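The residues making up each chain are set out below.
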Amino acid sequence: MGLLSEGSPLSWEETKALAEHVRQHGIEQFINLYSKLRERTGDVLKWGDEVEYIIVKFDDENKRATVSLRADELLPKLQEKELADPQNVKSLWRPEYGAYMVEGTPGKPYGGLLAHFNIVEANMQYRRAEASTLLKDGEVIMSITNFPRLGCPNFTSPPYPSTPNDGVTKSLYFPDEGIFPGHPRFKTLSANIRNRRGEKVAINLPIYRDVNTKIPVDDSHKLEPNAAKPDCVYMDAMGFGMGCCCLQLTFQACCIDEARTLYDQLATLCPIMLALSAASPVYRGFLTDVDCRWNVISASVDCRTPEERGLEPLQNNKFRIHKSRYDSIDSYLSPEHEKYNDIQIVHDPEIYRRLREGGIDHPLAMHVAHLFIRDTVSLFSEKVHQDDKNDTDHFENIQSTNWQTMRFKPPPPNSPIGWRVEFRPCEAQLTDFENAAYVCFVVLLTRVILSYHLNFVMPISKVDENMQRAQRRDACLTQKFWWRRDVRAANLAAHADQYAEMTIHEIVNGKDGIFPGLVPLIESYLSGMDVDADTHCSIQQYLKLIQRRASGEISTMATWMRQFITSHPEYNKDSVVTEKINYDLLKTAYGIQTGTIPAPTLLGSSNISKTNEDIPKAFSKMMSKDCP
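To keep things clear, this report deals only with the structure shown in the data block. Keep in mind that what you see is a predicted model, and the values were worked out from it rather than measured.

**A few points about the overall build of the protein chain**
Counting its secondary structure elements, the protein chain contains 23 helices and 17 strands. For 628 residues, the compact-globule estimate of 2.2 N^0.38 gives 25 Å, and the protein chain sits close to it at 23 Å. Overall size of the protein chain, expressed as C-alpha extent along the three principal axes, is 65 × 60 × 55 Å. A total of 628 residues make up the protein chain; the buried ones form 62% of that total.

Next comes the structure, spelled out in structure tokens:
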């Protein structure tokens, strides 16, 4: 969720009055930070993952599954080890938007050793086991992207009604009690996004049309005719998006230039990984015609006014803004990639001018001036007045509420942490084996990109096009994506014939005479490295999973869920996911997660993952001098 400052939240009117103050001081803070740290070099490769989890409660007697609103009870206990010994803790835990969600990360970042790929999965297992010890009877921790019946009647435990005419969200479906109560940021964001927009958020997902699917889908279009579409699943609260889970990665680069390179190169990979990790086809108890969460979250935090959305002429607002503050990036950061920035970069010209005066180069100044067209939507009274030479909270206030596919992260002030980039598109996977596979795959690609000086960059309009294709039903198998043919040529001009439409299979596994494939490039890189047998075995299993998903030999989680639902004996071919179907779906998924139910169509029949017995051995390695 980004910056979690503590303090007393200001009202929307107070926040709105201070928006320009935050912007101006945020820019000064960035300029001061940049001038101090632009020449910083020599930081070593570090990286880490973030996995978000949902607490699910099973009622076996009544065959129901709900989300358990106990995150605020679990988190203080999960954080006890960190508070007692922050340097040697094996896991870190943070709150997330949902009162039923927690976020876990490794206790310390991984480094440049290939052996670290062999402990990622064990760390994920440790986190899941650690959280599981705090659960009550019937509760389980699941790394599912979306709870399928989120927003249905009594979907929480304990149950709470929605309050359409009162409270923070004013939702028809999502009660305020579903928002994490332990930090004021979450409810403040919910209220301020709605207030700034001038109305509730509106999320409309096309329904999956089966033979008995009803159109209109339900009565939403009657209750809110100006927002809900009759042939769509309608949702009206931030919780429907920010209540989803994801899998994220953060990389520390050796210097700012390397961070900018990684930002640009990984941006083109975001749609590919979104399609490969697709895991959320069900929303508010309906099977939809999309496989991913991305546009749901984008709409759930879309604070643009009607003027900014182009629905009314600009009078009270400064800019026509083409995207939500949660969306794909609009520009590359490296000067050599400027020519690929072929879409309009809406930016504040006054802020751009000040950044240039402060010594910021053109592409980075455009990037920051683009982020700062947004208002702050969460401000605490204790953070209004800051020392711009030593603080960065105003900069991070706006930076951290631009939730894009990639995030460029300057070093914190007076910190050993370096320039970083965050990779944000992936959906959470069901098992630790899958999550580890996706993490290691992306990290290995960063090593290949930097070692071989590869160039995946293409016109950013094509990346945007790919992002929309990636979310379509069965995109991993049925869609084609723009991709660069010759990734070895670093500085070719942006000619149309350099790019071809390829399937995920062709991008990952290769296409003769067109593109060698991401996995073959990784294997070529590894062939020149000294890799111990155990690590090599783990990496090969991870790459095999990615290859088989890409080829269609095994399914994405989204496809597996569709097949389970549509073949369930209680499914009436009407796109409705009933209480019983939802219960059976999640019970089966939990069995797969724990290894008690085989899932050859999802995982294959020969995957080898770390067992619980491997965890102590793996962690003794991780905490040793050889594996910092």
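Having put the structure on the table, let's press on.
**Description of the packing of helix H20 (residues 557–566) against helix H21 (residues 579–594)**
Relative orientation of the contacting elements H20 and H21 amounts to 135°, with a least axis distance of 10 Å. Looking at the two axes, H20 sits oblique to H21. Crossing hand, H20 versus H21: right-handed. In this structure, H20 uses Met-557, Trp-560, Met-561, Phe-564 and Ile-565 to contact H21, whose residues at the interface are Ile-581, Asp-584, Leu-585, Thr-588, Ala-589 and Ile-592. Across the contact of H20 with H21, the residue classes tally to nine nonpolar, one polar and one charged.

**Some points on the packing of aromatic side chains**
Under the counting rule described, the total for this entry stands at 22 aromatic pairs. Seen in terms of ring centroids, Phe-372 and Phe-395 are 6.0 Å apart; in terms of plane orientation they differ by 15°. Their pairing is stacked. Of this pair, Phe-372 sits in the loop between helix H12 (362–371) and helix H13 (393–399) while Phe-395 sits in helix H13, placing them 23 residues apart in sequence. Overall, the relative accessible area of 2% leaves Phe-395 in the buried class. Three or more aromatic residues link up through ring pairs in this structure, and these residues are Phe-30, Tyr-34, Phe-372 and Phe-395. The ring of Tyr-173 has Arg-284 sitting right over it, with the charged end atom 4.0 Å from the ring centre. The ring of Phe-58 carries Lys-587 above its face, with NZ or CZ at 4.8 Å from the centroid.

**Brief notes about helix H18 (residues 518–527)**
Residues of H18 that are buried include every one of Leu-518, Val-519, Leu-521, Ile-522, Tyr-525 and Leu-526, and no others. The buried side chains of H18 occupy one side of the element, clustering within an arc of 160° when seen end-on. Against helix H9 (256–276), helix H14 (432–452), strand E16 (481–484), helix H17 (504–509) and helix H19 (533–551) lie the buried residues of H18.

**With respect to unusual backbone geometry**
Residue Pro-158 follows Ser-157 across a cis peptide bond; omega there is 0°. Omega for the peptide link from Ile-215 to Pro-216 comes to 0°, which places this bond in the cis form.

**Thoughts on the nonpolar core**
In this structure, Trp-47, Val-56, Leu-355, Phe-423, Phe-441 and Trp-483 are the most contacted members of the largest nonpolar core, which totals 193 residues. Not counting residues up to four positions away in its chain, the partners in contact with Trp-47 are Pro-109, Tyr-110, Gly-111, Phe-117, Val-120, Leu-249, Thr-250, Phe-251, Val-439 and Val-443.

**A closer look at the environment of Val-67**
Here Val-67 is to be found in strand E2 (residues 64–68). For Val-67, a relative accessible area of 0% puts it in the buried group. Expressed as a C-alpha distance, the spacing of Val-67 and Ser-298, which sit 231 residues apart in the sequence, is 23 Å. Setting aside anything within four residues of it in sequence, one finds Val-67 in contact with Ile-54, Ile-55, Tyr-100, Phe-147, Phe-155, Thr-156 and Ser-157.

The rules behind each value
- Residues numbered from 1 in each chain as written.
- Predicted model: local features only at pLDDT ≥ 70, side-chain atom pairs only at ≥ 80, totals over all residues.
- Heavy atoms only, no water.
- Helix = DSSP H or I, 4+ residues; strand = E, 2+ residues; numbered from the N terminus.
- Rg over C-alpha atoms; globule rule 2.2 N^0.38 Å.
- Buried < 20%, exposed > 50% of the residue type's maximum accessible area, 1.4 Å probe, protein only.
- Axes fitted to C-alpha atoms, helices over the stretch in contact; angles between N-to-C directions.
- Parallel < 35°, antiparallel > 145°, perpendicular 65-115°, else oblique.
- Left-handed = near helix turned anticlockwise from the far one by under 90°.
- Contact = heavy atoms within 4.5 Å.
- Nonpolar A, V, L, I, M, F, W, Y, C, P; charged D, E, K, R; others polar.
- Phe/Tyr/Trp six-rings, centres within 6.5 Å; stacked < 30°, edge-to-face > 60°.
- Lys NZ or Arg CZ within 6 Å of the ring centre and 35° of its normal.
- Arc of directions from axis to C-beta.
- Core = buried A, V, L, I, M, F, W, Y, C linked by side-chain atoms within 4.5 Å.

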